There are 2 protein chains.
Amino acid sequence: MSLLLATDFAPDALERWAAQVRESLPDLQVHTRRDPAHDAGIEFAFVANPAPGVLRDLPRLRFVQSMWAGVDKLLRDPTLPDEVPLARMVDPAMNRAMAETALWAVLNLHRRFFDYLDQQRAKQWQPLPQRRANEVNVAVLGLGEMGRTTALRLAANGYRVSGWSRSGTPIARVDVHARDAGLPQVLAQAEIVINLLPLTARTHSLFNAKTFAQMRRGAHFVNLARGHHVVEKDLLAALDSGQLGHAVLDVFHTEPLPADHVFWSHPKVTVLPHAAAQTDLRSATAIAVANINAVRAGYTPAHLVDRAQGY
Amino acid sequence: MSLLLATDFAPDALERWAAQVRESLPDLQVHTRRDPAHDAGIEFAFVANPAPGVLRDLPRLRFVQSMWAGVDKLLRDPTLPDEVPLARMVDPAMNRAMAETALWAVLNLHRRFFDYLDQQRAKQWQPLPQRRANEVNVAVLGLGEMGRTTALRLAANGYRVSGWSRSGTPIARVDVHARDAGLPQVLAQAEIVINLLPLTARTHSLFNAKTFAQMRRGAHFVNLARGHHVVEKDLLAALDSGQLGHAVLDVFHTEPLPADHVFWSHPKVTVLPHAAAQTDLRSATAIAVANINAVRAGYTPAHLVDRAQGY
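Read on for a plain summary of the structure. All values derive from a computational prediction rather than experimental measurement.

1. Re helix α6 (residues 179-189) of chain A
An α-helical segment advances 3.6 residues per turn. Residues three or four places apart therefore align on the same side.
So, step 1. Restricting attention to buried positions, one finds in α6 of chain A the residues Gly182, Leu183, Val186 and Leu187 of chain A. The buried residues of α6 of chain A occupy an angular sector of 135 degrees when the element is viewed end-on, so they sit on one face.

Here you go:
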């Protein structure tokens, strides 16, 4: 019985992961690449950006665990076996990392620290007007595990938080709106809009000229989800016209962001290198192992992907 | 019966404050500068950086309210009447603003966002190792109203928080050390040291070559209190030798920070223009008015300064 670790990691990172998995599942053989001699024994796969096709033709494969919360890229691989259960990574440590990045972006925008950093470069001493957190409305779009953790963290730090999700499930201290009709309402009242939606056919290119126009003039946009949620040229137009004030972007159409991309040096754009919430080796392995052991014991693993919904 | 508003504010800011005070204390005359014709009637003073000497020879002055939490500069004015009670500003809105700035600095240092901003300027895409908040020990030096609010906010956001104060009064979830003997212990265990002490004879120049050497190698220093807590040349030496990793400075020996000061362009220094916690017009006026009304009714006002302690 064996497990395939299928990633695009550099060799040293892959070796660290493999060692952690071997230590946690000592009775499984752990392979770090496909080899015809092992194919018949592989029952489990633990994957991070696997090469397309790497999961095809594994006759005994019965469970795939993603290392990442987003499975949009995995689902676009037509060779992914339809009948094998696939689980997303839902890790409280990653949720907290995401909430920290969102809070950092909100503090910068609310308290104008990006402006102060610009002033430092210009050697300019100029205190700016200071507002209270409870005067700042922040919208969190997408209220899955990461969105919910983020919304609660922002509320705990004094912000007025609204949210938007497909279901509209209530969250304490968060003004939750639902379905298509709820989106313009949330966009219209927010000063800072944070995207934490899954990337699906419904949410692809959701942030475009029309939705940017539904935001308050000068609103700030924080994208911590996927690059393809955004029509990049519409975002640039909204920043350049003043419709949007600032954008904090962790994700892009092409990653790494190409050296000649205008975002790098745009004065109203902050670029992060897809680092808002990295997978935590220790906790993610523990969660994957628990799910794999559940499958081995005949239970349903946690956080299975609904392929019709796309997440 | 009248009140003197003694500040170094620009005329428009002074006029906003005066309007707010007049509205709140309609039965008092409010003067915005000394005038011999009014001196005999002045019973109250509400002050922000008053010119030295402006409070002398006011025969009926019976209470001075500072707009600011720090009264070190006021106490250095030898013409300040000894016998008149003096209160510091203790305003929950300011405490929260301070906690926000401290949290922003800690998030930047913990999650390496300052490094990511540097990378953006170099058009460099490089995710950096991500650690958990509960692995990061933050020390808050000074546990008055602002220090206590800050320590609690950091603990609520998952950090391991220690603190240091003269009294050592316990705070839930914070590892509090006391007196001179406690300082090296707190400095030795912290990865980020935040100064929120009052400036007194005991704390002047407290951050010097000796105390920087007591910190962990590569520790970060955040000064949100007073410039004269720090020996600037020792701070620069500690940054340049690598003993300190980064400094976030809101306060300086000379403010505004002179254009030729090395801090402006030092790669390991973040400069803020004394904006960590600005006085909030509405709440500060309400607190001053409550204190003034207490004195008029014969009660002891809140947050009187102990001149022997210096705060």
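That shown, we press on.
2. Remarks on the relation of the copies chain A and chain B
So, step 1. Overlaying chain A on chain B yields an RMSD of 0.1 Å, the required transformation being a rotation through 180 degrees with an accompanying axial translation of 0.0 Å. Such a combination of turn and shift is consistent with a two-fold rotation axis. Identified as the residue of chain A closest to the rotation axis by C-alpha distance is tryptophan 104 of chain A, at 3.1 Å.
So, step 2. Same-surface contact between copies: 100% of interface residues of chain A are shared with the interface of chain B.

3. Re the interface of chain A and chain B
So, step 1. Across the contact, 51 residues belong to chain A and 51 residues belong to chain B.
So, step 2. Roughly 4300 Å² is buried in total at the junction of chain A and chain B, and carbon and sulfur atoms are behind 56% of that figure.
So, step 3. Contact with chain B buries surface across chain A, with Gln120, Trp125 and Trp264 of chain A losing the most and accounting together for 19% of the total.
So, step 4. At the boundary of chain A with chain B, the tally comes to six salt bridges.
So, step 5. Its salt-bridge partner being arginine 132 of chain A, residue aspartate 280 of chain B comes within 2.7 Å of it at the nearest N-O pair.
So, step 6. Counting across the interface, chain A meets chain B through 29 residue pairs in polar contact (both at pLDDT 80 or more).
So, step 7. A per-element tally of the side of chain A that touches chain B places helix α3 (residues 92-111) of chain A first, with ten residues.
So, step 8. Among the residues making up the side of chain A that touches chain B, the classes are represented as 26 nonpolar, 14 polar and eleven charged.

4. Notes on unusual backbone geometry
Residue and element names in this part refer to chain A.
So, step 1. Residue proline 256 is reached from glutamate 255 by a cis peptide bond, and omega for that bond is -10 degrees.
So, step 2. Mapped onto the secondary structure, proline 256 falls in the loop between β11 (244-249) and β12 (269-271).
So, step 3. Even without glycine at this site, arginine 112 takes up a positive phi of about 65 degrees.
So, step 4. Using a relative accessible area of 31% as the deciding quantity, one classes arginine 112 as partly exposed.
So, step 5. Notably, arginine 173 is not glycine yet its phi reads approximately 70 degrees, a positive angle.
So, step 6. Residue position: arginine 173 is located in the loop between β7 (160-165) and β8 (174-178).

The rules we used
Residues numbered from 1 in each chain as written. Chains lettered and ligands numbered in written order. Predicted model: local features only at pLDDT ≥ 70, side-chain atom pairs only at ≥ 80, totals over all residues. Heavy atoms only, no water. Buried < 20%, exposed > 50% of the residue type's maximum accessible area, 1.4 Å probe, protein only. Helix = DSSP H or I, 4+ residues; strand = E, 2+ residues; numbered from the N terminus. Arc of directions from axis to C-beta. Least-squares fit on C-alpha atoms with pLDDT ≥ 70 in both. Contact = heavy atoms within 4.5 Å. Buried area = accessible area lost by both parts, 1.4 Å probe. Salt bridge = Lys/Arg side-chain N within 4 Å of Asp/Glu carboxyl O. Polar contact = N/O pair within 3.5 Å; in protein donor to acceptor, adjacent residues only side chain to side chain. Nonpolar A, V, L, I, M, F, W, Y, C, P; charged D, E, K, R; others polar.

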